[in-house]
Amino acid sequence: MQTILDSVDRPAHDAFIEKKSEFIGDACHIESLDDALAFVQTIRDLHPKARHVAYAAVCGGSGGRLAERMSDDGEPSGTAGKPILDVLRANEMTDCVVAVTRYFGGILLGSGGLIRAYSTGASIAVKAASKARIVPCREYRVKLDYPQLGGFQNLLASVEGEQADAQYTDRVVLSVVVPMEHAGVFEARVTETFNATVSPQPVGTSNRPVRL
């Protein structure tokens, strides 16, 4: 799966003209479908004279089902929201929304023309976006003595892991995330390297975006 990194405040953006109608694509990262609705409203506010603001959004997928939402916003059924959603599905995107704004130019495009235009509007927005690969990860809590810290951090880097948090008292307590595909190797190497004196405690799973 992939996601879009561009924020709600600075979405990816592109536009084109088709038979005098302007189609404007905007895409950004979201955490929920409610975020998607709020983003679409900001696009509508930016374009009060636009005839239509169709959109599609996808969320979730981390161990659960993807949630999807779309709207034709007054265009004939299936000619706007669905083509945008199809672009997100084809690119295996999640946690993102794409809105395509249309300023009507006076020439009817027909169903086929609308489908192509909204698909293109979504595609150019996705192409303009900064994208990241979604990496399923296992989260760990690890207790270390101070002399062990440097060696552990090197080991963590060798399995493409990442330190999320650290607490420094009489010992070091780290929160780390490790790609699921490397989790078994990580646990084995920690046990071997520190002669079983360090034991990573699994505390959950999460997704981590890795920039493409």
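This one's a predicted model, so the numbers in the text were calculated from it and none came from an experiment.

Student: Could you give me a rundown of the overall build of the chain, with the residues and numbers involved?
Tutor: A count of helices and strands for the chain gives five helices and ten strands. The C-alpha radius of gyration of the chain comes to 22 Å, more than 25% above the 17 Å expected for a compact globule of 212 residues. A principal-axis box enclosing the C-alpha atoms of the chain has dimensions of 75 × 25 × 25 Å. Considering the chain as a whole, with its 212 residues, one finds that 41% of them fall into the buried category.

Student: How would you summarise the domain arrangement of the chain if you had to cite specific residues and measurements?
Tutor: According to the domain assignment, the chain consists of domain 1 (2-129) and domain 2 (136-206). The gap between the C-alpha centroids of domain 1 and domain 2 is 40 Å.

Student: Provide a residue-level description of helix 1 (residues 33-46), including the pertinent values.
Tutor: Since there are 3.6 residues in each turn of an α-helix, residues three or four apart along the chain are aligned in direction. With 14 residues, helix 1 extends 20 Å between its outermost C-alpha atoms, agreeing within 8% with the 20 Å of an ideal straight helix rising 1.5 Å per residue. Residues of helix 1 that are buried: Leu-33, Ala-36, Phe-39, Val-40 and Ile-43. Across the axial projection of helix 1, the buried residues extend over an arc of 110 degrees, all falling on one side. Among the exposed residues of helix 1, those oriented more than 90 degrees off its buried face are Asp-34 and Asp-45. Where helix 1 is buried, its residues meet strand 3 (21-29), strand 4 (52-60), strand 5 (66-71) and strand 6 (96-103).

Student: Lay out the side chain of Thr-101 in plain terms, naming residues and giving numbers.
Tutor: Topologically, Thr-101 is positioned in strand 6. In contact with Thr-101, other than residues within four places in its own chain, are Glu-22, Phe-23, Ile-24, Ile-43, His-47, Ala-50, His-52 and Val-53.

Student: An account of the nonpolar core is requested, with residue identities and associated values reported.
Tutor: By size, the foremost hydrophobic cluster in this structure holds 26 residues, and its most contacted members are Phe-23, Ile-84, Leu-88, Val-98, Val-100 and Tyr-118. Breaking this core down by element, the ones donating at least two residues are strand 2 (12-18), strand 3, strand 4, helix 2 (81-90), strand 6 and helix 3 (110-128). At seven residues, the largest contribution of residues to this core is made by helix 3. If near-sequence neighbours (up to four positions away) are discounted, Phe-23 is found in contact with Asp-14, Ala-15, Phe-16, Glu-18, Val-100, Thr-101, Arg-102, Leu-109, Ala-117 and Tyr-118. One finds Val-176, Val-178, Val-190 and Val-198 within the second-largest nonpolar core, a separate group that totals 17 residues.

Student: Quick rundown of the state of the cysteines? Include the residues and the values.
Tutor: As enumerated under the stated definition, the model contains zero disulfides in all. Counting only cysteine sulfurs, Cys-96 is the nearest neighbor of Cys-59, a cysteine outside any disulfide, at a range of 8.0 Å.

Student: Account for the pattern of salt bridges, with residues named and values stated.
Tutor: When the charged atoms of two side chains lie near each other, side chains of opposite charge can form a pair. Counted under the stated rule, the structure contains six salt bridges. For Arg-89, the salt bridge identified is with Asp-86, shortest N-O distance 3.8 Å. Of this pair, Arg-89 and Asp-86 are both found in helix 2, three residues apart, which corresponds to roughly one turn of the helix. The exposure class assigned to Arg-89 is partly exposed, which follows from its relative accessible area of 42%. According to the relative accessible area criterion, Asp-86 is partly exposed, its value standing at 32%. In this structure, the salt-bridge partner of Asp-145 is Arg-171, at a minimum N-O distance of 3.0 Å. One end of the pair, Asp-145, is in the loop between strand 7 (131-144) and helix 4 (149-158); the other, Arg-171, is in the loop between strand 8 (162-168) and strand 9 (172-179), and 26 residues separate them in sequence. Exposure remark for Arg-171: the relative accessible area of 28% places this residue in the partly exposed category. Through salt bridges with shared partners, a single ionic network connects Glu-68, Lys-82, Asp-86 and Arg-89.

Procedures and definitions
- In this numbering scheme, every chain counts its residues from 1 along its sequence in written order.
- Given that the model is predicted, a residue must reach a pLDDT of at least 70 before its local features are reported, and side-chain atom pairs must reach 80 or more before they are shown or counted; all residues, however, enter totals for whole chains, interfaces and linings.
- The basis for the side-chain values is all heavy atoms of the structure; hydrogens and waters are excluded.
- By definition, any uninterrupted DSSP run of H or I lasting at least four residues is a helix, any uninterrupted run of E lasting at least two residues is a strand, and each is numbered from the N terminus.
- Every radius of gyration here is taken over C-alpha atoms, with the globule rule written as 2.2 Å times N^0.38, N being the number of residues.
- Burial here depends on accessible area, computed with a 1.4 Å probe over protein chains only, as a share of the maximum for the residue type. Under 20% is buried, over 50% is exposed, and the range in between is partly exposed.
- The start and end points of each domain follow an automatic or database-based domain assignment.
- Helix span, expected: 1.5 Å multiplied by one less than the number of residues in the helix.
- This arc is taken over the directions from the axis of the helix to the C-beta atoms.
- Whether two residues are in contact is decided by their heavy atoms, any of which lying within 4.5 Å being enough.
- To qualify as a nonpolar core, a set must consist of buried Ala, Val, Leu, Ile, Met, Phe, Trp, Tyr and Cys residues joined through side-chain atoms within 4.5 Å.
- Cysteine sulfur atoms that pair up within 2.5 Å are treated as a disulfide.
- Any carboxyl oxygen of Asp or Glu within 4 Å of a side-chain nitrogen of Lys or Arg constitutes a salt bridge here.

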